[in-house]
Amino acid sequence: MAILSSGDLLGLSSVSSSTDAGKPWYSTVRRCGQLNFNESDPLTVDIDAWMDYWVSLKVNAVMIGGGGIVASYPTNVPYHHRSQYLGSRDLTGEAIAAARKRNLRVIVRMDCNYAYQDALKAHPEWFHRMPDGSPRLELEASYLYKTCLFSSYFTEQMPAIYRELQQRYSPDAIFTNGWPGTAALEVCHCVNCKKIYQEQTGGVPPATTNAKSPVYRKYYKVYMDRIIEIWKLWDSTAKEKNPEAIYFGDLGGAGLQMMKDLKPIGDIASWYAGDHQGRGGANVPIWECAAQGRIAQSVMGGKTVTNIDGAYSDSQPKWRHVSAPAAEINLWMAQVAACGMVPWHHWLGARPKITAGASLQKTFMGGLRRMRSISAIVSRCLRLLYFIPRAPSLFIVRKGQAKES
Ligand SMILES: [Zn+2]
């Protein structure tokens, strides 16, 4: 499946230059590649072919599936679900070895947001609860249950998995897909959370964002403080074996609709991973990616900022098994580069026949001067606490359909 044609963005070089000496390794990354393992990939994946593909795109770092929901290696951590197709393979270990052989930095991709039913039965306290006390199911995979941010799943279970990965593979970084994100806060109704709410907010926050609720406003701080606490904990865990290793989280694909306060995250984060993979529909302007990137740059103050794009069709309906048009991906990457972010190209599953020749290969952000003469000041707190009337769209959704007003 050929997906990308050659683009001609901003430059040539792919590897760190001599001027990068002394800088943290992650500040010199210019391109990233990511392959999400499917659970059945151990049956068929050709690790060397994929790593050769990433090398052909001149990436510096690769994101390799570790686990959290499904372990791609023979984990011994209880309730860390091994891929049922893993057999005698160790996909994580094989991929890390293949990447290192090619002089690529290795980032293990994890997921902390959901776990299987056996974990729910053994540790009901790990899980997010609905107002009626029932566990919350994942919408697309109804055999998975959402975990509670305020539970020991985040302070004990995930660190135990990270330590196992560190001991076996010593990755350069650990990344959590989908957490903390920048979308609206969620409210869990588990026993532990109710206790925390009562003690720290004086009540129970409303289930949805409600700026008029004084309880919700207090809850916003409690929630953000917990994100910072967990981020710091995981970063210190990542450094236990290798002081140069880092943890960083997924800071979302919500475009300009970000609801979480990015400033305290930017203060502690070594790497901002935007996850704005595409327009998600025809009525989103192509420049929205760059607008999000400018906000990321403002809170990171020169530290590493990347943005993930998707090789799949991120349109309506979202077809994860259909490739996006090459022009769409090229323009999105151009936007990533235009605001000084590092492109991070990702594939879902190892099945597609991969081909070289991507715009990523010709994209270089080293020493890029951001080309802008105007700036926007956006307050995350204003966005959260006050409802803003939706601006009229200037874009026609599709020929023959009504224009938004
Ligand atoms: Zn809870």
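Reading the values: rules and limits
- Residues numbered from 1 in each chain as written.
- Predicted model: local features only at pLDDT ≥ 70, side-chain atom pairs only at ≥ 80, totals over all residues.
- Heavy atoms only, no water.
- Donors = N, O, S within 2.8 Å, 3.2 Å for Na, K, Ca; no water.
- Tetrahedral: all angles 85-135°; square planar, octahedral: opposite > 155°, others 65-115°.
- Buried < 20%, exposed > 50% of the residue type's maximum accessible area, 1.4 Å probe, protein only.
- Phe/Tyr/Trp six-rings, centres within 6.5 Å; stacked < 30°, edge-to-face > 60°.
- Helix = DSSP H or I, 4+ residues; strand = E, 2+ residues; numbered from the N terminus.
- pLDDT = per-residue confidence, 0-100.
- Contact = heavy atoms within 4.5 Å.
- Pairing = 2+ DSSP bridges.
- Axes fitted to C-alpha atoms, helices over the stretch in contact; angles between N-to-C directions.
- Parallel < 35°, antiparallel > 145°, perpendicular 65-115°, else oblique.
- Nonpolar A, V, L, I, M, F, W, Y, C, P; charged D, E, K, R; others polar.
- Salt bridge = Lys/Arg side-chain N within 4 Å of Asp/Glu carboxyl O.
- Right-handed = clockwise from strand over helix to strand, strands pointing away.
- Disulfide = S-S within 2.5 Å.

Focus: the coordination of the zinc ion
Okay, step 1: Within the protein, the atoms that donate to the zinc ion are C148 (SG), C188 (SG), C190 (SG) and C193 (SG), at distances of 2.3 Å.
Okay, step 2: If you look at the zinc ion, its four donor atoms make angles of 96 to 119° with each other, and the shape they trace is tetrahedral.
Okay, step 3: Read in sequence order, the donor residues coordinating the zinc ion give the pattern C-x39-C-x1-C-x2-C. Across this residue pair, the class does not change: C188 and C190 are buried.

A word on the packing of aromatic side chains
Okay, step 1: Scanning the entire structure with this criterion turns up 27 aromatic pairs.
Okay, step 2: Arranged with centres 6.1 Å apart and planes meeting at 40°, the rings of W50 and W54 form a pair that is tilted. A residue pair is termed a helical-turn pair when its members lie 3 or 4 positions apart in one helix, as W50 and W54 do in helix α1 (residues 47-56) at four residues.
Okay, step 3: Residue class for W50 comes out buried when judged on its relative accessible area of 4%.

What about the confidence of the model for the protein?
Okay, step 1: Averaged over all residues, the pLDDT of the protein equals 82, while 81% of them reach at least 70.
Okay, step 2: Ranking the elements of the protein by mean pLDDT puts helix α10 (residues 380-385) last with 55 and helix α4 (residues 152-169) first with 98.
Okay, step 3: Under a pLDDT of 50 for its full length, residues 1-18 has, in the predicted model, 56 contacts with residues more than four places off or in other chains.
Okay, step 4: pLDDT under 50 marks residues 388-405. Its contacts with residues more than four places away, or in other chains, come to 16 contacts.

Concerning the side chain of N307
Okay, step 1: Structurally, N307 can be placed in strand β9 (residues 304-310).
Okay, step 2: Judged by relative accessible area, which is 1%, N307 ranks as buried.
Okay, step 3: Apart from the residues lying within four places of it in its own chain, the contact partners of N307 are G274, D275, H276, C289, W332, V336, M341, V342, P343 and W344.

Quick look at the environment of N76
Okay, step 1: Residue placement: N76 occurs in the loop between β2 (61-67) and α2 (91-101).
Okay, step 2: Sequence spacing of N76 and E164 is 88 residues, and the spatial spacing of their C-alpha atoms is 8.1 Å.

Concerning unusual backbone geometry
Okay, step 1: A cis amide bond links W179 with the next residue in sequence, P180, at an omega value of 0°.
Okay, step 2: Tracing the backbone shows P180 in strand β6 (residues 173-180).
Okay, step 3: One non-glycine residue, K58, lies in positive phi territory at about 60°.
Okay, step 4: Here K58 lies in the loop between α1 and β2.

Things to note about the pairing of strand β11 (residues 319-323)
Okay, step 1: As judged from the two bridges shared by strand β10 (residues 312-313) and β11, these two strands associate in the antiparallel manner. Bridge pairing in β11 links S313 to W319.

Details of the packing of helix α5 (residues 191-201) against helix α6 (residues 214-238)
Okay, step 1: Relative to each other, α5 and α6 sit at 110°, their axes nearing to 10 Å. Accordingly, the angle class assigned to the pair α5 and α6 is roughly perpendicular. Residues I196, Y197, Q200 and T201 of α5 pack against V215, K218, Y219 and V222 of α6.
Okay, step 2: Residue composition of the contact of α5 with α6, grouped by class: five nonpolar, two polar and one charged.

Digging into the pattern of salt bridges
Okay, step 1: Per the counting criterion, the structure on display carries 15 salt bridges.
Okay, step 2: Put simply, R102 and D48 hold a salt bridge, and the shortest N to O gap is 3.1 Å. Highlighted residues: R102 in the loop between α2 and β3 (105-111) and D48 in helix α1, separated in sequence by 54 residues.
Okay, step 3: Judged by relative accessible area, D48 falls into the partly exposed class, the value being 39%.
Okay, step 4: What emerges from the salt-bridge pattern is a single network uniting D48, D52 and R102.

A closer look at α2
Think of an α-helix as turning once every 3.6 residues; residues three or four places apart then point the same way.
Okay, step 1: Taken residue by residue, α2 has L91, T92, G93, A95, I96, A98 and A99 as its buried positions.
Okay, step 2: Where α2 is buried, its residues meet α1, β2, β3 and α4.
Okay, step 3: Of the residues trailing α2, N103 is marked for its positive phi of about 65°.

A closer look at the pairing of β3
Okay, step 1: Most of β3 sits inside the fold, with six of its seven residues counted as buried.
Okay, step 2: Following the backbone out of β2, through α2 and into the adjacent parallel β3, one traces a crossover that is right-handed.
Okay, step 3: One ladder, built from five bridges, connects β3 with β6; its direction is parallel. In the strand pairing of β6, R109 is matched with F175.

Observations concerning the state of the cysteines
Okay, step 1: One pass over the full model with this rule turns up zero disulfides.
Okay, step 2: The thiol of C339 is not disulfide-bonded; the next cysteine sulfur, from C289, is found 5.8 Å away.

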